[in-house]
Amino acid sequence: MDKKEITNQDLEKAKRLRNVRTSHHLTQEKMAERLDIAYTVYQRMESGRNNITLTHLNKLKKEFHVSSDYILFGEVRDERHFEYEFEGMNRNEQFSFMMRLLAHLCRLNYSECDNITKEIDNLLKNTK
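Now for a quick tour of the structure.

## Comments concerning the overall build of the protein chain
When you go through the protein chain residue by residue, the secondary structure sums to 8 helices and 0 strands. Tracing the protein chain from N to C terminus, the helices and strands come up as α-α-α-α-α-α-α-α. Taken against the 2.2 N^0.38 rule, which gives 14 Å for 128 residues, the C-alpha radius of gyration of the protein chain at 18 Å runs more than 25% over that of a compact globule. Here the C-alpha coordinates of the protein chain stretch approximately 60 × 30 × 25 Å along the principal axes. Classification of the 128 residues of the protein chain by burial places 26% in the buried group. Look at the contacts in the protein chain between residues 6 or more apart in sequence, and 47% of them connect residues 24 or more apart. Within the structure as shown, the protein chain displays about 9,200 Å² of accessible surface, and the carbon and sulfur contribution to it stands at 52%. Computed over 22 positive and 21 negative side-chain charges, the inter-centroid distance for the protein chain is 3 Å.

See below:
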């Protein structure tokens, strides 16, 4: 039997699937249970070795409110999907993303930039 060649696209889909699972604090075993599939099937999906079927996409939508566009193409349409993407980043990527976002917000409304940075500062002080 021929082995499936794992493409970069397969790996990206697998990463987004893993982001959904980890953001819900689930093990691979629990995620498989929630999707009503065998653990090994889920494990292979998350590694990119198995394709994600329409049935799996439908269950992801019903169980976790995740769009198939997000899983298949990485298209982010709402806040929940941004959270999945953000949680899948390492600390350096998260910091870089936040700095780009802050810079963008400041360009859009420069007068609000000072207020935004003060709010961030207050949030940081309250989380220590």
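## Notes on the pattern of salt bridges
Enumeration according to the criterion identifies 5 salt bridges in this entry. Ionic pairing is found between D10 and K13, a salt bridge with its closest N-O pair at 3.7 Å. You can see D10 and its partner K13 sitting in helix α1 (residues 8-23), 3 residues apart, about one turn around the helix. Classification of K13 by relative accessible area gives buried; the value is 14%.

## Describing a nonpolar patch on the surface
Together, F95, M98, M99, L101 and L105 make up a nonpolar patch on the protein surface, roughly 440 Å² of accessible area in all. Inspection of the secondary structure assignment puts M99 in helix α7 (residues 91-108).

Conventions used here
Residues numbered from 1 in each chain as written. Predicted model: local features only at pLDDT ≥ 70, side-chain atom pairs only at ≥ 80, totals over all residues. Heavy atoms only, no water. Helix = DSSP H or I, 4+ residues; strand = E, 2+ residues; numbered from the N terminus. Rg over C-alpha atoms; globule rule 2.2 N^0.38 Å. Buried < 20%, exposed > 50% of the residue type's maximum accessible area, 1.4 Å probe, protein only. Contact = heavy atoms within 4.5 Å. Areas by Shrake-Rupley, 256 points an atom, 1.4 Å probe, with all protein chains shown as cover. Lys, Arg positive; Asp, Glu negative; His and termini not counted. Charge placed at Lys NZ, Arg CZ, Asp CG, Glu CD. Salt bridge = Lys/Arg side-chain N within 4 Å of Asp/Glu carboxyl O. Patch = residues over 30% accessible without salt bridge, like charges linked within 9 Å, V, L, I, M, F, W, Y side chains within 5 Å.

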